[in-house]
Amino acid sequence: MAFSRKVRWVWTCFNVLMTLLLFPMLLVMWNDYCSASQNVLNPRLPRNTPGHEDNHHVEHNGDHDNDDDHDKDSKVVVAEKTPCPLPGAGTFSSVRLRSTALASYQGSGNTWARHLLTTATGILTGTVYPNETREVPATMTRAPRLLVIKTHMNPKESRRHFPVDRGILIVRNPYEAILSEFNRGGVNPDDEHADKRHVAVRRPEDFRRGWSRYVEGQMSMWLKFNWYWAKDGAPLHVLVYHRLVEHTDRELREVLHFLNESSIRPTLHCATRHSEGWAHRKKPEWQKELAVFNSSQRTFLNVAIDRIRHALHAKTGHNFDDFERWKR
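In short, a report on the structure. Please read all numbers here as calculations on a predicted model, not as lab measurements. (Residues numbered from 1 in each chain as written. Predicted model: local features only at pLDDT ≥ 70, side-chain atom pairs only at ≥ 80, totals over all residues. Heavy atoms only, no water.)

## Section: the overall build of the protein
Link 1 in the chain: Helices and strands together make up the secondary structure of the protein, namely 11 helices and six strands.
Link 2 in the chain: In the protein, once contacts between residues fewer than 6 apart in sequence are set aside, the share between residues at least 24 apart is 81%.
Link 3 in the chain: About 17100 Å² of surface is accessible on the protein, with carbon and sulfur atoms providing 55% of the total. (Helix = DSSP H or I, 4+ residues; strand = E, 2+ residues; numbered from the N terminus. Contact = heavy atoms within 4.5 Å. Areas by Shrake-Rupley, 256 points an atom, 1.4 Å probe, with all protein chains shown as cover.)

## Describing the nonpolar core
Link 1 in the chain: Judged by nonpolar contacts, the single largest core of 44 residues is most densely connected at Leu169, Val171, Trp211, Trp222, Trp229, Leu312 and Phe323.
Link 2 in the chain: Counting only elements with at least two residues in this core, the list comes to β1 (100-104), β5 (166-171), α5 (174-184), α6 (204-231), β6 (236-240) and α11 (295-316).
Link 3 in the chain: Top contributing element to this core by residue count: α6, with nine residues.
Link 4 in the chain: If near-sequence neighbours (up to four positions away) are discounted, Trp229 is found in contact with Ala101, Ala103, Thr151, Met153, Asn154, Pro155, Ser158, Val164, Gly167, Leu169 and Leu236. (Core = buried A, V, L, I, M, F, W, Y, C linked by side-chain atoms within 4.5 Å. Buried < 20%, exposed > 50% of the residue type's maximum accessible area, 1.4 Å probe, protein only.)

## Concerning the packing of α5 against α11
Link 1 in the chain: Where α5 meets α11, the closest approach of the two axes is 10 Å, and the angle between their N-to-C directions is 115 degrees. The segment α5 lies against α11, with Pro174, Tyr175 and Ile178 engaging Arg298, Leu301, Asn302 and Ile305.
Link 2 in the chain: Of the residues assigned to the contact of α5 with α11, the class counts are five nonpolar, one polar and one charged. (Axes fitted to C-alpha atoms, helices over the stretch in contact; angles between N-to-C directions. Nonpolar A, V, L, I, M, F, W, Y, C, P; charged D, E, K, R; others polar.)

## Some thoughts on the pattern of salt bridges
Link 1 in the chain: According to the stated counting rule, one finds 15 salt bridges in the structure shown.
Link 2 in the chain: For Arg159, the salt bridge goes to Asp232, with nearest N and O atoms at 3.0 Å. Note that Arg159 is positioned in the loop between α4 (155-158) and β5 and Asp232 in the loop between α6 and β6, a separation of 73 residues in sequence.
Link 3 in the chain: Given a relative accessible area of 31%, Arg159 falls into the partly exposed group.
Link 4 in the chain: You can call Asp232 buried: its relative accessible area is 14%.
Link 5 in the chain: Close ionic contact of Lys327 with Glu324 constitutes a salt bridge, the shortest N to O distance being 3.1 Å.
Link 6 in the chain: Residue Lys327 is classed as partly exposed on the basis of its relative accessible area of 27%.
Link 7 in the chain: Among the charged side chains, a network of salt bridges with common partners joins Asp306, Arg309, Asp321, Glu324 and Lys327. (Salt bridge = Lys/Arg side-chain N within 4 Å of Asp/Glu carboxyl O.)

## With respect to the pairing of β6
Link 1 in the chain: A large share of β6 lies buried, amounting to five of its five residues.
Link 2 in the chain: Residues Leu236, Val238 and Val240 line one face of β6 and the alternating positions His237 and Leu239 line the opposite face, and both faces are buried.
Link 3 in the chain: Both β5 and β6 contribute to a ladder of five bridges, which runs parallel. In the strand pairing of β6, Ile170 is matched with Leu239. (Pairing = 2+ DSSP bridges.)

## What about the environment of Tyr241?
Link 1 in the chain: Structurally, Tyr241 is set in helix α7 (residues 241-246).
Link 2 in the chain: By relative accessible area, Tyr241 is classed as buried at 1%.
Link 3 in the chain: Between the C-alpha atoms of Tyr241 and Asn110, which are 131 residues apart in sequence, the distance is 9.2 Å.

## Quick word on the sheet that holds strand β3 (residues 136-137)
Link 1 in the chain: Strand order in the open sheet formed by six strands is β3-β2-β4-β1-β5-β6, and the pairing between neighbours is parallel. Each having just a single partner strand, β3 and β6 make up the two edges of the open sheet.
Link 2 in the chain: Here helix α3 (residues 110-121) sits on the sheet and contacts β1, β2 (126-127), β4 (149-151), β5 and β6; the angle it forms with β1, its principal contact strand, is near 145 degrees.

Next comes the structure, spelled out in C-alpha cells:
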C-alpha cells in the first residue's frame, strides 16, 4: 500500500515536471501561430491612419518629366492586383530596414504622407513623440522595423531618439504650412482628444489677436528646419507637398525607389484609392482674408524660399523651380 502511494507520488511529480518543461514551448508555438494569422488577416494593430493636414492646394509642377517615361524607368515592382488592406493599417516589418526619418516642418503633410505610405506598403510608420495616441513610438530597437519615422526635429535632435540612416524631407509652401500649423495649435495638446488638432480650425478672433506675432516667430523656424536637413550628411529625398497632392502615385513611386527595400511589395493602387486620411482639415474661406502676411513678412519668406530651393538643389542635384510659384 505504501509502495503504491509512493509510485503515484512519483508519477504525479513526473507529470508536473513535464508540464513545466513543455508549457513554454507550447506558448511559443501558440504565439507564432497567432502572429502568422495576424499577418494574413491584417487586423487593426497600432493605428497609423494619418491624413491631410489641410485642404489640397493644387499648383502646377514644372519639374517632372512625362509620367509614362518615369514609369518605364522606375525600378519599383508594384503588385497592382493585390487586395487592399484596411486603409492605414499595417504591421511591423518582418525584416530589418534602414532607419529613415520622415522630417517636416509642422503643418507640411507628415501625417497624410505616412497614411499613404502605410496603405501602399502594409508596413507601420513611427514617431518620436510618445504621447500621440494613433502613432507607434519609435525607439532605437524598434526603428528598424518601421518604414519611416516622423520627426519635426532637426537631424541632430532626431538622432537622440533613433538612428537616422537617411531622410525624407517633406517641404511645403511656407505660407500654407504656417497657416496650417496656426490652425493646429488651436487645440490643447494635453486634451484627451488631442488628435482633433489635426483638423482644428482657429476662430476669427484668434487671427485678430495673435496671427501676425505668430508668423514672425515661425518664418525663421521654417527656414532653419529645412536648411538643417538640406545640409545634413545623410542621404536625402525631397517630397514636395503640392507634387504629392497633384501626382500621388508618381511621388509615392519616387519615395519607394529611394527606400529601395527588396522586402517591400507595394500596392500603390491602394494608396491612391484610399488617399483620404482621418486628419483632413477643411479650411474656411474667410481665413484667406484674415491670414494676411505683411510686406516685410513676404520679403523674408520669399528670400527663404530661394535659399531652401538652392540648398536642396545642391544637396540632391534636382531642380525645384516650381518653388517660385509659392512667392507672394
